[in-house]
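# Residue-level structural notes
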Amino acid sequence: MLRIKRGSHWLTHTRLGFLLLVVGLFWLKTYIIYQTKFTLGATGPMQQVLLFLNPLPSALLLLGAGLFFKGRKAYWITLIIDFALTFWLFSNILYYREFSNFLSISIIKTSGSAADNLGKSIAGIILPTDFLAFADLAMIALLLGFKVIKLQPHRDRFRIGVLVEAIAIALLGLNLGLANNDRSGLLTRVFDNNYLVKYLGINVYAVVDGFKTAQASAQMAKANSSDIRSVRRYLRANAVAPNKAYHGVAKGKNVLIIHLESFQQFLIDYKWQGKEVTPNLNKLYHAKHTLSFANFFNQVGQGKTSDAEMMLENSLFGLQSGSAMSSYGTTNTFQSAPAILSQQAGYTTAVMHGGAGSFWNRNNAYKSFGYHYFLSLDDYVNKPNYYIGYGLKDKIFFKQSVEYLERLPQPFYLKMITVTNHYPYQLDLKNQTISKTKTGDATVDGYVQTAHYLDQAIGELLAYLKRTGLMKRTLLVLYGDHYGISGNHHEASAQLLHQKAFTDFDNLQFQRVPLMIHANGLKGGIKSTYGGEIDVLPTLLNLLGIRQTGLVQFGHDLLSHDAPQIVAQRNGDFITPQYSKVVGDYYDTKTGRKLQNFSRTQKKDISVINNKVTTELALSDRVIQGNLLRFYRPNWFQRVKPADYDYNRQVQMRQLFAKHPTSLYAQRHDKSSQNLFKTDAPELKK
Ligand code: GP9
Ligand code: MN
């Protein structure tokens, strides 16, 4: 009894006691948060131990700084650090809930998009229990307020502070050693932030992430022309010949890429309450002249939409952390689709998007990609009920886009980015024409509703293309950019799919998104080839009969007879027709069974695939982080000068509305086609 009393007296009356109290509470709460707010998937005793241990060393190290100060200051400093660490933890709880990932320095620094993403939906996702992250701070504040904790005025000997920090560093070393033992190459070859947090904790993760960001800029400075040579050597050795039968079948056609926001493959042919959710897309998917890919996967990382764009325009992966388009889009050299098509085949290139032009750094990155035009929110009429979430509602966006589309010289390469089907899937009552699903998960249930709306908008656009005759002259490419329902909605996902359970394996399979390529006369069919977003550009260039020699592309023609069918995920997971790797476990893709006792061949297969996946991710990162394309271009390619492009409204309008003999407008003898776009958008009813 006396001992307990003495102990608690020590805790509340000495600085060291205070520190241990603060550290202990922080440790405990972090561990509870790990277990309840994140899905880190610690398996086996060692991972469990590390998960438990990892909050301690960094907390002790950082909070211990207070010991080196005098008087009240010492306490203040400890508390401020405690608050900062807690705030970081708290922000990650919210970010993680939607993105299944941790915040990274570059995503905070460069885009504002993450903050935007969260800001819009915080009210929807925050839970009262999240605030318990601050409970220990509140408790300590109370103990201080009621003078239960008494300040120890004098400073401990310097030695004590040093000793505490030394212990912290030793623990840190122990943690790192054990972690690296369990998972070798943790800091160098692991692309998954979940692993870093599981093994090293959320604070060390922040440091590693910051270090990697700094390293990236150093890498840029260090990179030289021999780096690109080794990348090209690898790509040459692993090159896959495109399908000859499809070469140039769409030569000279317009290309219209329709970016289907957050659109997952499972929506195709999906029915809710007996009603098709996406009838127009379903029809296109099954059409005779559509090449549809049933095993096509999104491969995005934190950069979401921007990663999808990076892959489609460049056949380069997004980055492990942050958005490549945001971090490197302004300054890097690229050899992108619009520049290739414009240089080789005289295409006019444009992007249309009913959202802010600065989002994901598009207004800079598109110049580096060589887009002639970028029409964004400022170029559209925006009224209060036109806009929802991140931009104009899709029907209104398409309707207004026609005014610009008809002015584009043909052939054009045009990308239209939809946005209404974006988390948190909100839609005003007048536009709701299918009811919400009833899983009880508020972030999931609106999904079919906005997807249905997107589908109707696509239907209206397709009808316009037919009426104007553009359809005959255009190669349509439709693709879903990434998941709509993140990996944090297992229960709701199971219900949507009418399954008993929804596992991590299911979630990997859930990363399928549609890819449909349609043109009059194109030999279509539903292909089962496994592939992903990285492969779209080489596939497209082959269909258009565009020369690809010497391009630095990490994908390959999906129609190739030798398609390797290894689909990398940005965190190092992968899917092949045979194997699926997800959070470090391997599954039989066909049966979904977890592989346990690996046969010799399985072991070998898996190690080959792992190697390929990590090598390609790492090489692609090197290209972007080292800005390696500044050292090399195919001899037929002219370097893009971003300064040649100006997206200023007046400048664009002047150019676009000048006389273009090949535009639809001119072909219709200077008669607009706008009245051929029919929409039932309630906002536009007279
Ligand atoms: C907004 C947009 C959304 O302009 O394209 O991007 P996301 O949040 O899906 O990455
Ligand atoms: Mn998106």
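Just so we're clear, the structure is a prediction, and the values are computed from it rather than from any experiment. (Residues numbered from 1 in each chain as written. Chains lettered and ligands numbered in written order. Predicted model: local features only at pLDDT ≥ 70, side-chain atom pairs only at ≥ 80, totals over all residues. Heavy atoms only, no water.)

### A closer look at the coordination of the manganese ion (ligand 2)
Reference geometry at the metal: tetrahedral coordination by four donors gives ideal angles of 109.5 degrees; octahedral coordination by six donors gives 90 or 180 degrees. Within the protein, the atoms that donate to the manganese ion (ligand 2) are Glu 261 (OE), Glu 261 (OE), Thr 305 (OG1), Asp 481 (OD) and His 482 (NE2), at distances of 1.9 to 2.5 Å. Around the manganese ion (ligand 2), the six donor atoms sit at angles spanning 55 to 168°, and that spread fits a shape best called irregular. Taken in sequence order, the residues that donate to the manganese ion (ligand 2) follow the motif E-x43-T-x175-D-H. Taken together, the residues span a long stretch of sequence, with Glu 261 in the loop between strand S1 (254-260) and strand S2 (271-272) and Asp 481 in the loop between strand S10 (474-480) and helix H22 (490-496) at a distance of 220 residues. When sorted by exposure, Glu 261 lands in the same class as Asp 481, which is buried. (Donors = N, O, S within 2.8 Å, 3.2 Å for Na, K, Ca; no water. Tetrahedral: all angles 85-135°; square planar, octahedral: opposite > 155°, others 65-115°. Helix = DSSP H or I, 4+ residues; strand = E, 2+ residues; numbered from the N terminus. Buried < 20%, exposed > 50% of the residue type's maximum accessible area, 1.4 Å probe, protein only.)

### With respect to a nonpolar patch on the surface
Together, Leu 142, Phe 146 and Val 148 make up an exposed nonpolar region whose accessible area comes to about 330 Å². Its relative accessible area of 66% is what places Phe 146 among the exposed residues. (Patch = residues over 30% accessible without salt bridge, like charges linked within 9 Å, V, L, I, M, F, W, Y side chains within 5 Å. Areas by Shrake-Rupley, 256 points an atom, 1.4 Å probe, with all protein chains shown as cover. Salt bridge = Lys/Arg side-chain N within 4 Å of Asp/Glu carboxyl O.)

### What about the site of ligand 1?
Among the ten residues in the neighbourhood of ligand 1, the closest are listed as Glu 261, Thr 305, His 353, Arg 362 and His 422. In the environment of ligand 1, an oxygen atom lies 2.8 Å from a nitrogen or oxygen atom belonging to the side chain of Arg 362. Across the complex, the protein chains shield 100% of the 310 Å² of accessible surface that ligand 1 would expose by itself. The class makeup of the residues in the shell around ligand 1 is two nonpolar, five polar and three charged. (Near = heavy atom within 4 Å. Polar contact = N/O pair within 3.5 Å; in protein donor to acceptor, adjacent residues only side chain to side chain. Nonpolar A, V, L, I, M, F, W, Y, C, P; charged D, E, K, R; others polar.)

### Points about the sheet that holds strand S11 (residues 515-518)
Read across the open sheet, the eight strands follow the order S6-S5-S9-S1-S10-S11-S4-S12; overall the sheet is mixed. Lying at the two open borders of the sheet, with one neighbouring strand each, are strand S6 (373-375) and strand S12 (525-532). Neighbour-to-neighbour, the strand axes of this sheet turn through a mean angle of 15°, independent of strand direction. For strand S5 (residues 348-353) and strand S9 (residues 412-417), the ladder comprises six bridges, and the chain directions are parallel. Note on S9: the bridge partner recorded for Met 352 is Met 416. Across the face of the sheet, helix H14 (residues 279-286) comes into contact with S1, strand S4 (290-297), S10, S11 and S12 while running at roughly 105° to S4. (Pairing = 2+ DSSP bridges. Axes fitted to C-alpha atoms, helices over the stretch in contact; angles between N-to-C directions. Contact = heavy atoms within 4.5 Å.)

### Here we look at the pairing of S5
Judged by how many residues are buried, S5 sits mostly within the fold: six of six residues are covered. Of the two faces of S5, the one holding Thr 348, Ala 350 and Met 352 and the one holding Thr 349, Val 351 and His 353 are both buried throughout.

### Some points on helix H26 (residues 649-656)
The set of residues buried in H26 consists of Val 651, Gln 652, Met 653 and Leu 656. Among the structural elements, S6 and helix H19 (394-405) are those in contact with the buried residues of H26. Measuring from the backbone nitrogen of Gln 650 back to the side-chain oxygen at the start of H26 gives 2.9 Å, which picks out Asn 648 as the cap.

### Structural notes on the pattern of salt bridges
Applying the stated criterion across every chain yields a total of 15 salt bridges. Close ionic contact of Lys 393 with Glu 683 constitutes a salt bridge, the shortest N to O distance being 2.6 Å. With a gap of 290 residues between them, Lys 393 in the loop between strand S8 (391-392) and H19 and Glu 683 in the segment after helix H27 (664-667) connect regions that are remote in the sequence. This pair shows no difference in class: Lys 393 is buried, exactly as Glu 683 is. A salt bridge links Lys 594 to Asp 585, with the nearest nitrogen and oxygen atoms 3.4 Å apart. Judged by its relative accessible area of 39%, Lys 594 is partly exposed. When its relative accessible area of 25% is taken as the criterion, Asp 585 is described as partly exposed. Because the salt bridges share partners, they merge into one network encompassing Glu 309, Glu 313, Arg 362 and Lys 415.

### Details of unusual backbone geometry
Here the amide bond leading from Gln 410 into Pro 411 is cis, since omega sits at 0°, within 30 degrees of zero. Along the chain, the position of Pro 411 falls in the loop between H19 and S9. Residue Pro 424 is reached from Tyr 423 by a cis peptide bond, and omega for that bond is 5°. Within the secondary structure layout, Pro 424 lies in the loop between S9 and helix H20 (442-445). Of note, Asp 670 is a non-glycine position whose phi angle comes to about 55°, a positive value.

### Examining the side chain of Gln 625
For Gln 625, the position within the fold is in helix H25 (residues 600-625). The residues contacting Gln 625, other than those within four sequence positions of it, are Ala 216, Gln 219, Met 220, Leu 319 and Tyr 328.

### Some points on the sheet that holds strand S15 (residues 579-582)
Strand order across the open sheet formed by four strands is S13-S14-S15-S16, with antiparallel pairing between neighbours. Strands at the two margins of the open sheet, each flanked by one partner only, are strand S13 (567-568) and strand S16 (585-588). Of the strand pairs in this sheet, S15 and S16 are connected by four bridges, and their pairing is antiparallel. Within the sheet, the bridge partner assigned to Lys 581 lies in S16 and is Tyr 586. On top of the sheet, H25 reaches S13, strand S14 (574-575), S15 and S16; it is set at about 60° to S15, its chief contact.

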